[in-house]
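# Close look at the chain arrangement
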Amino acid sequence: MANALLVYNCRLLDENMDVPGAVLSVNGRIRAVFQGYYTDEKTVTVMGQSVLMEDGYGENCVLKVFDAGGLTLTPAFIDMHVHLRYPGQTQKEDLDSGIHAAIAGGVGTVLAMPNTNPVVSDLETSLRIQSEAEKIGLTKVLQTVSITKDFDGKTTDHLEILDKAHVPVITEDGRDVLDAGVMLEAMRIAAEKGIIVSCHCEDNTLAKAAKPFREEAINMISQYNLPIMADEEDVFEKVPESVISQIHMELSQANELLRLAEDNATKRNIELARLANCHIHLAHVSTMESIETIRDVKEEIAYNHNSMVLTGIKHVSERFANENFNVTCEVTPHHIALTGTEEPNIRYLVNPPLRSEEDRVALIEGIVDGTVDVISTDHAPHTREDKVNGAPGFTGIETAYAICNTELVKKGFIDDRRLSKLMSGNPARLLHLNKGVIQPNYDADFTILDRDAEWTINPKNFYSKGKYTPFDGYTYFGSVKAVILNGEIVFQKSVSSLE
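Residues numbered from 1 in each chain as written. Predicted model: local features only at pLDDT ≥ 70, side-chain atom pairs only at ≥ 80, totals over all residues. Heavy atoms only, no water.

What follows is about the side chain of N9. As for its position among the elements, N9 is in strand β1 (residues 2–13). Residue class for N9 comes out buried when judged on its relative accessible area of 18%. At 2.8 Å, the side chain of N9 and the side chain of D67 are in polar contact. (Helix = DSSP H or I, 4+ residues; strand = E, 2+ residues; numbered from the N terminus. Buried < 20%, exposed > 50% of the residue type's maximum accessible area, 1.4 Å probe, protein only. Polar contact = N/O pair within 3.5 Å; in protein donor to acceptor, adjacent residues only side chain to side chain.)

What follows covers the sheet that holds strand β10 (residues 196–199). The strand order β9-β10-β11-β12-β13 describes an open sheet built from five strands, whose pairing is parallel. Sheet topology places β9 (169–171) and β13 (374–375) at the edges, where each strand pairs with a single neighbour. Against the sheet, helix α4 (residues 180–193) engages β9, β10 and β11 (279–282), with an angle of about 145° to β10. The strands that helix α6 (residues 241–276) touches are β10, β11 and β12 (326–331); relative to β11, the one it contacts most, it runs at about 165°. (Pairing = 2+ DSSP bridges. Contact = heavy atoms within 4.5 Å. Axes fitted to C-alpha atoms, helices over the stretch in contact; angles between N-to-C directions.)

With that settled, consider the side chain of T383. Mapped onto the elements, T383 comes out in the loop between β13 and α10 (384–388). In terms of polar contacts, T383 uses its side chain to reach the side chain of D386, at 2.9 Å. The residues touching T383, leaving out its near neighbours within four places in the chain, are Q91 and K92.

Turning next to the sheet that holds strand β6 (residues 77–82). Strand order in this open sheet of three strands is β6-β7-β8, and the pairing throughout is parallel. Each of the sheet's edge strands pairs with one partner strand only, and the pair in question is β6 and β8 (140–143). In this sheet, adjacent strand axes meet at a mean angle of 20° when their direction is disregarded. Pairing of strand β7 (residues 107–112) with β8 involves four bridges; the strand directions are parallel.

Moving on, we come to the nonpolar core. Formed by 75 residues in total, the largest nonpolar core has its most connected members in I170, M187, V197, I280, L282 and I375. Counting residues in hydrophobic clusters, the runner-up holds 17 residues, among them F66, A68, L71 and I448. (Core = buried A, V, L, I, M, F, W, Y, C linked by side-chain atoms within 4.5 Å.)

Before going further, it helps to spend a moment on the packing of aromatic side chains. Taken as a whole, this structure holds eight aromatic pairs when the rule is applied. Ring geometry for F394 versus Y468: centroids 5.6 Å apart, planes at 50°, classification tilted. Here Y468 lies in the loop between β14 (446–456) and β15 (475–485) and F394 lies in the loop between α10 and α11 (400–410), a separation of 74 residues in the sequence. Of the residues examined, Y468 reaches a relative accessible area of 3% and is grouped as buried. Consider the rings of Y474 and Y476, whose centres lie 6.0 Å apart with planes at 15°: the pair is stacked. The exposure class assigned to Y474 is partly exposed, which follows from its relative accessible area of 32%. Pairwise contacts between aromatic rings join Y348, F394 and Y468 into one cluster. (Phe/Tyr/Trp six-rings, centres within 6.5 Å; stacked < 30°, edge-to-face > 60°.)

For the coordinates displayed, the defined rule picks out 28 salt bridges. The shortest N-O distance in the salt bridge between D176 and R268 comes to 3.5 Å. Separated by 92 residues along the polypeptide, D176 in the loop between β9 and α4 and R268 in helix α6 bring together distant segments of the chain. Judged by its relative accessible area of 23%, R268 is partly exposed. The shortest N-O distance in the salt bridge between D369 and R295 comes to 2.8 Å. One end of the pair, D369, is in the loop between α9 (357–368) and β13; the other, R295, is in helix α7 (residues 288–311), with 74 residues separating them in the sequence. Of the residues examined, D369 reaches a relative accessible area of 44% and is grouped as partly exposed. (Salt bridge = Lys/Arg side-chain N within 4 Å of Asp/Glu carboxyl O.)

A separate point is a negative patch on the surface. Together, E292, D296, E299, E358 and E365 make up a negatively charged patch on the protein surface. Mapped by element, the contributors of at least two residues to the negative patch are α7 and α9. No other element matches the three residues that α7 contributes to the negative patch. Secondary-structure assignment places E365 in helix α9. (Patch = residues over 30% accessible without salt bridge, like charges linked within 9 Å, V, L, I, M, F, W, Y side chains within 5 Å. Areas by Shrake-Rupley, 256 points an atom, 1.4 Å probe, with all protein chains shown as cover. Lys, Arg positive; Asp, Glu negative; His and termini not counted. Charge placed at Lys NZ, Arg CZ, Asp CG, Glu CD.)

Another aspect to go through is the layout of surface pockets. Considering only enclosed or pocket space, the largest pocket measures out at about 900 Å³ in volume. Around the largest pocket sit 38 residues that line it, and G174, E202, R214, N351 and P392 are the ones nearest its centre. Contributing elements (two or more residues each) for the lining of the largest pocket: α5 (204–223), α6 and α10. Ranked by residue count, the leading element in the lining of the largest pocket is α5, at eight residues. The residue inventory of the lining of the largest pocket, partitioned by class, reads 11 nonpolar, 14 polar and 13 charged. (1 Å grid on protein atoms, 1.4 Å probe; cavity = no way out; pocket = protein on both sides within 12 Å on 5 of 7 lines; lining within 4 Å. Points joined across faces, edges and corners; volume = space filled by probe spheres on them. Nonpolar A, V, L, I, M, F, W, Y, C, P; charged D, E, K, R; others polar.)

Here's what the structure looks like:
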C-alpha cells in the first residue's frame, strides 16, 4: 500500500523557482511538481489520481490532499550546526526538546555537535544517537564525531573506522585542535574517506589569553547584578559609569584577542586542508578578515578548476596538489543581525563574539557574492545558571528563518531563492542528502511558510529548554506554519486546512 500526499494552493519556493503550484509525493519522495494556480481540490485530486494510476498504483494507494492556503512550500531547512547537549547535559537540552525545537523552526535535518558528556568520539555512539532520534519520528539527526578522541587533542585512531554515509562530518566544535600536526593527520584521514572536517577556528593560545579579561567582566556583571537576559530589567543607570566602562574595556580586549584567534586559525586550517587535500567547512565565520581570506582561497580554487577544465591539465599549480581540496563556510543569524561593540550587546556572550558593524556588513557581502555557502544557527541552549556564570551561546533554531528572512530578504540583499539555497540546497549537497530542492525523486521534506507574517520573539514559547536569546522582544517577518517530512505532516499551526 502506497501513501501519497498532494499539497496544492501554495507557492513553490526553492533555489531554482518561486512560482505558484502543487507538489505530489509518494512514499516519502517527490513524484510530480505542478506549476500553476491550483486552488480547486477536485481538480488537483483528479491530477494526483491520474499520476498514481499512470504509475500502476490503482486502488493500492491512499491519496491525501491538503490546501496550503496560499502559503509558501519550501524544502525543509537543514541546520549544519546544532548543540543538542545529548548525552549528558539534558538540563540544557535533550533529544526530544531539541528535535521539537528544530521542527518548530522548520528544520528537517540537523547536524549535531559532539561536545557532549561524554564526548561523541566513536561510530557506535553516533549511530546510537541517530537511532534514538529516529524513534522520535521528527527531525532527522546526523551526529558528528570529534576530530580527536574525547577532545584529547592528540588521538585520531578512532577516525579510521568512520564512513561518510553515517558520519559525513567530524568536528572539534567548541574548540580547535591546537597541534597542527594532529589536525593535519586528521584531515588526511578524513580526505581519504570523503568526510568533511568542520573547523571551529580559534587559536587556543589567544583564546586562553582572552579568558582573564572575559572572566573579570563576568565577575563585575555578577557583582552589580547586570542582566544577562534580554528580557530582564536593565539596571544600567544604577551602576557607576566607571564600572560600565571597565566591563566594556575588559570585554573589548577579550574580543580583540578572539578576533585575532579566529583570523589566525582560519588561515592555518585552510593551509592544513590544502596539504591534506581535504574539504573543510569553516563554522560560524564572524570577522571581515576571515571572510576575505575565504573569498580569496575560493577564487583560487575556482580558477584552478576552470583552468583544469579548459586545458585538460590535471594539476595546474603545486598549491593545488589535489582537486579534492575545498573550502566552504557558514555564518549564523546572530552574527548577520547583531553587532557587539556597545551596550547591552557586548554583554551577550557567544563564541565567536558578536562583532563590529564593519564585520556584520562583510558577512552580508559574503552572502551576496557567494563566499558564504550556508546559514547555520550554532543553536547553543544553556540554563540560566550557565549564562550567569558566563557560558557563551544562544538558543536560535526556532528563530533563524524569521531573522534571515527579515535581515536579508526583506532588506533587499538577496531574494527568497538564495535564502533557500543557503538554508536547504547547499547544506543538502554538502551532506550528500537527497533533499533541499523541489524536484521529482527528491525526499518530500517541506516547510510551509508565511513569509510576511509578523511576530515578536518570546523565548517563553520556545520548545527548546534554552530560553536565552538576544532577540527577545524583537519583531521579525516570516513564520513556520507546518512541516512535512517523508511526505507526512508532522507539525502544524495556524493553517486551518491542515488542522
